[in-house]
Amino acid sequence: MNAPVSRRARPAKAPLSRDVIIETGLRILDEDGLAALTMRRVAQELDTGAASLYVYVANRDDLMAAMLDHVLGTIADPVGDTWRERLVDLVETTVTVMSKHEGLALVALGAIPTGANALLLFERMLALFAEGGVDDLTNAWAVDLIYLHITAAAAEQSAYNTKDRSQTEHLAEVAARFAELPRDRYPMITAMQGPLLAGEGDARGKWALRVLIDGILGTPVT
């Protein structure tokens, strides 16, 4: 029979910290999905009790918000020759980064993020619109609108990632459904099947962002 292992002989646990908890939460989220992310599961991964986590995060919602802010901190400085090109690059990069982790975009939709990295994202967008000559009030409202676009686009892309199904496959299913519709009840949809389903996500996303920016520039808050 093997002798019991002394606690002193066991490998020392990594010191518990907010950063360690956030990184563990992200790993669980990416490996096992949103449903698996609980405070108890995080505590088990860290070989501690759930009560120990509450010293560093208030609850699961606070942990999710911290995870979102951590992810936003990975966004590189935007590139481009003009303020508009840099803004588009920043928005597209943020959508991509946020959509990689299931459920994080929904955190952004549910509240105004105030973490350090989220605020840096807002700072960058405000500076870019200011460089484009947008007045302060319009700028403030514009950033709110652009951020809503970012979170919605990221949530949509994340849903495709979670279902392990491409947008092309989804559009094929929608096209099959449209083909079955009675023309007398849905005359516009049946007549416009081509335009309604035209364009992959990137093309539509770029168009939507162009519409938003053009609209902001042409519609100052009064």
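Use the structure listed above.
Residues numbered from 1 in each chain as written. Predicted model: local features only at pLDDT ≥ 70, side-chain atom pairs only at ≥ 80, totals over all residues. Heavy atoms only, no water.

Draft legend 1. View of the nonpolar core. Counting residues in hydrophobic clusters, the biggest one holds 49 residues, and the most contacted among them are Leu63, Met67, Met98, Met125, Phe129, Ile146 and Tyr147. For this core, the secondary-structure elements that each account for two or more residues are α1 (18-32), α2 (39-45), α4 (60-72), α5 (83-99), α6 (104-110), α7 (116-131), α8 (136-163) and α12 (201-218). Not counting the four nearest positions on each side in its chain, Met125 is found in contact with Leu87, Leu90, Asn139, Val143, Ile146, Tyr147 and Ile150. (Core = buried A, V, L, I, M, F, W, Y, C linked by side-chain atoms within 4.5 Å. Buried < 20%, exposed > 50% of the residue type's maximum accessible area, 1.4 Å probe, protein only. Helix = DSSP H or I, 4+ residues; strand = E, 2+ residues; numbered from the N terminus. Contact = heavy atoms within 4.5 Å.)

Draft legend 2. A look at the layout of surface pockets. Taken as a whole, the second largest pocket spans an internal volume of roughly 180 Å³. Contributing to the lining of the second largest pocket are Arg18, Asp62, Ala65, Ala66, Leu68, Asp69, Val107, Ala111, Ile112, Pro113, Thr114 and Gly115. Considering every element that reaches the lining of the second largest pocket, the biggest residue donor is α4, with five residues. Tallied by class, the residues present in the lining of the second largest pocket amount to seven nonpolar, two polar and three charged. (1 Å grid on protein atoms, 1.4 Å probe; cavity = no way out; pocket = protein on both sides within 12 Å on 5 of 7 lines; lining within 4 Å. Points joined across faces, edges and corners; volume = space filled by probe spheres on them. Nonpolar A, V, L, I, M, F, W, Y, C, P; charged D, E, K, R; others polar.)

Draft legend 3. Geometry of unusual backbone geometry. Its identity as a non-glycine residue notwithstanding, Asp47 has a phi of 55 degrees, on the positive side. Within the secondary structure, Asp47 is located in the loop between α2 and α3 (50-53). A residue is classified by how much of its surface remains accessible, and Asp47, at 54% relative accessible area, is exposed.

Draft legend 4. Representation of a nonpolar patch on the surface within the structure. Judged by side-chain polarity, Leu106, Leu109, Leu145 and Leu148 come together as a nonpolar surface patch covering roughly 360 Å² of accessible area. For the nonpolar patch, the elements supplying multiple residues, two or more each, are α6 and α8. Mapped onto the elements of the fold, Leu148 is located in helix α8. The exposure class assigned to Leu148 is partly exposed, which follows from its relative accessible area of 47%. (Patch = residues over 30% accessible without salt bridge, like charges linked within 9 Å, V, L, I, M, F, W, Y side chains within 5 Å. Areas by Shrake-Rupley, 256 points an atom, 1.4 Å probe, with all protein chains shown as cover. Salt bridge = Lys/Arg side-chain N within 4 Å of Asp/Glu carboxyl O.)

All we've got here are geometric facts, nothing functional implied.
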